[in-house]
Amino acid sequence: MTTTSPAAGSGTTGDGAPFLSVRDLRVHFSTEDGVVRAVDGLSFDVRRGRTLGIVGESGSGKSVATQAVLGLHDPARTTVSGTIDLDGQELITAGERALERLRGDKVAMIFQDPLTALSPYHTIGRQIGESFRKHRVASRREARDRAVEMLGKVGIPHPRLRVDDYPHQFSGGMRQRVMIAMALVCDPDLLIADEPTTALDVTVQAQILDLLLDLQREFGSAIIMITHDLGVVSRVSDDLVVMYAGRAVERGTVREVLRAPRHPYTWGLLTSMPRLRGDVGQDLVPIAGTPPSLLAPPPGCPFEPRCAFSTEVTGDVSCATDRPALSGTRDAACHLDPEQKRALFTERIQPRLR
Ligand SMILES: Nc1ncnc2c1ncn2[C@@H]1O[C@H](COP(=O)(O)OP(=O)(O)OP(=O)(O)O)[C@@H](O)[C@H]1O
Ligand SMILES: [Mg+2]
């Protein structure tokens, strides 16, 4: 257990070897209609004690990518390639038994929908206790005590009385706390939180996010926070990956990406999000158009058909046919040149964010 270990690399510099390193990840599903390229060349790092936010519209591949870390895809219908290095262990080629040992122990996941992840037929004490006993030697009694302790930690009032309740006896926010208690019961080194607060009202959402941050401070875990919401990201994350159509289009620290975003898709997200702007202005503009088909993605930039700036690209590259690359820890996959991006953002986007 790593309960008391200091958060290695948790300073603001983020140096030190990444705890999780994903390179060129591809997750392709075989379907009746053809191959769905849900994740198609995604790379990112997560450092100990730091939180990586992953944002992107619905269907951009956030859940599919992170579920691949836990080896949750059906191998009969899914091709997963690339590398997923977790603290020196390669997970794509790891066998089911090795993955089974990791899940819930070194890596835990809070799923998008707590009702599908919790069984309605067992008390929450039993479910949290069983997650504990799967990886730790403990009697039923000890596991129950641990469940009570975790319920207390996540702020469930009267944990001793609530431990024998069933999931349906809890409100949505409380159920989400139960999920967090279950995910953290073995002190995971990496916590993947898939939209942990989307279904909750704003106040409860804020409480849950604060809770995750407190627990991170206490346990020094790394967190991947998946969300639609740049407001959530700016609140809890250190680093950020912006996903579009199965790939990363921009990445950097949260500060870098939110203060000086370099990809037209990120600009679109920023101008379409009310919460980050602190108001619900009339000039909120949703990004026009829809994401490309993942069955036959365009050869060039996947955002090109929706991009208002592709006509400004100069030189002999074509957004429609040449795929822009992403390199380094701070970059955007876009053919506009850096000076042009800065000018466009300052002149055309920033005024709309005030
Ligand atoms: N088992 C599957 N078979 C075929 N396609 C799938 C499968 N699972 C997911 N997909 C497709 O992969 C794409 C990415 O899905 P994913 O669930 O990762 O999106 P997401 O970014 O998490 O979206 P949301 O914000 O709505 O949760 C979607 O187009 C989805 O329809
Ligand atoms: Mg999802």
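Presented here is an overview of the structure given in this document. What you are looking at is a predicted structure, and each value in this text was computed from that prediction instead of being measured.

Section: the sheet that holds strand β10 (residues 247-253)
Here comes step 1: Taken in spatial order, the 7 strands of this open sheet run β6-β7-β8-β3-β9-β10-β11, and their pairing is mixed. The open sheet has two edge strands, β6 (107-110) and β11 (331-332), and neither has a second partner.
Here comes step 2: Two elements, β10 and β11, share 2 bridges in a ladder whose sense is antiparallel. Its bridge partner being in β11, Glu-250 is matched across the sheet by Ala-332.
Here comes step 3: Helix α8 (residues 202-219) rests against β3 (51-55), β6, β7 (190-194) and β8 (222-227) of the sheet, and its axis sits at about 160° to β8.
Here comes step 4: The strands that helix α11 (residues 264-271) touches are β3, β9 (239-244) and β10; relative to β9, the one it contacts most, it runs at about 100°.

Quick look at α8
Here comes step 1: Its 18 residues give α8 an end-to-end C-alpha distance of 26 Å, which sits within 8% of 26 Å, the value for a rise of 1.5 Å per residue.
Here comes step 2: When α8 is considered as a whole, its buried residues turn out to be Gln-205, Ile-208, Leu-209, Leu-211, Leu-212, Leu-213, Leu-215, Gln-216 and Phe-219.
Here comes step 3: The positive-phi residue at the C-terminal boundary of α8 is Gly-220, with phi of around 70°.

Some words on helix α1 (residues 62-69)
Here comes step 1: Taken across its 8 residues, α1 has 7 buried, putting it largely inside the fold.
Here comes step 2: Turning to α1, its buried residues number three or more, namely Lys-62, Ser-63, Val-64, Ala-65, Thr-66, Ala-68 and Val-69.
Here comes step 3: Looking one or two places after α1, you find Gly-71, whose phi comes out positive at around 65°.

Here's the deal with the site of ligand 1
Here comes step 1: In the vicinity of ligand 1, 17 residues are found, and the nearest of them are Ser-58, Gly-59, Lys-62, Val-64 and Gln-112.
Here comes step 2: Ser-58 is positioned with one of its side-chain polar atoms (N or O) 2.5 Å from an oxygen atom of ligand 1.
Here comes step 3: Lys-62 is positioned such that a nitrogen or oxygen atom in its side chain is 2.8 Å from an oxygen atom of ligand 1.
Here comes step 4: Bound to the protein, ligand 1 loses 69% of the 640 Å² it would expose on its own.
Here comes step 5: Going through the elements one at a time, β1 (20-31), β2 (34-46) and α1 are the ones with two or more residues in the shell around ligand 1.
Here comes step 6: The element best represented in the shell around ligand 1 is α1, accounting for 3 residues.
Here comes step 7: Residue composition of the shell around ligand 1, grouped by class: 5 nonpolar, 8 polar and 4 charged.

Considerations on the nonpolar core
Considering soluble globular proteins, one finds that nonpolar side chains tend to be buried as a cluster.
Here comes step 1: Counting 39 residues, the largest nonpolar core has Ile-110, Ile-128, Leu-151, Val-178, Ile-180, Leu-191 and Met-225 as its most contacted members.
Here comes step 2: Aside from chain neighbours lying at most four places away, what touches Leu-151 is Ile-124, Ile-128, Ile-156, Pro-159, Val-163, Val-178 and Ala-181.
Here comes step 3: Counting residues in each nonpolar core, the second largest holds 36 residues, with Val-22, Ala-65, Ala-94 and Met-243 among its members.

Cut-off values and rules
- Along every chain, residues carry numbers that run from 1 in the direction the sequence is written.
- The order in which chains are written sets their letters, starting at A; the order in which ligands are written sets their numbers, starting at 1.
- Per-residue local features are limited, in this predicted model, to residues with pLDDT of at least 70; the limit for side-chain atom pairs, both in listing and counting, is 80 or more; totals at the level of whole chains, interfaces and linings are taken over all residues.
- Think of the side-chain values as coming from all heavy atoms in the structure, minus any hydrogens and water.
- In short, DSSP must find at least two bridges between two strands for them to pair.
- Runs of E in the DSSP output that reach at least two residues are strands. Runs of H or I that reach at least four are helices, and both are numbered from the N terminus.
- In this description, contact between two residues means that some pair of their heavy atoms is separated by no more than 4.5 Å.
- Lines are fitted to the C-alpha atoms to define the axes, a helix being fitted only along its stretch in contact, and any angle between axes, read from their N-to-C directions, falls within 0 to 180 degrees.
- A helix's residues, less one, multiplied by 1.5 Å, set its expected span.
- Exposed residues in this analysis have more than 50% of their type's maximum accessible area, buried residues have under 20%, and partly exposed residues fall in between, with area computed by a 1.4 Å probe over protein chains only.
- Near, as used in this document, describes a residue that has one of its heavy atoms within 4 Å of the molecule or strand being considered.
- N or O atoms closer than or at 3.5 Å make up a polar contact, with two conditions inside protein: a donor-capable atom paired with an acceptor-capable one, and, for residues adjacent in sequence, both atoms drawn from side chains.
- For accessible areas, the Shrake-Rupley method is used with a probe of radius 1.4 Å. Any residue's cover is judged against the shown protein chains and nothing else.
- Polar here means any residue other than Ala, Val, Leu, Ile, Met, Phe, Trp, Tyr, Cys and Pro, which are nonpolar, and Asp, Glu, Lys and Arg, which are charged; Gly is therefore polar.
- Take the buried residues of types Ala, Val, Leu, Ile, Met, Phe, Trp, Tyr and Cys, join any two whose side-chain atoms come within 4.5 Å, and each joined set is a nonpolar core.

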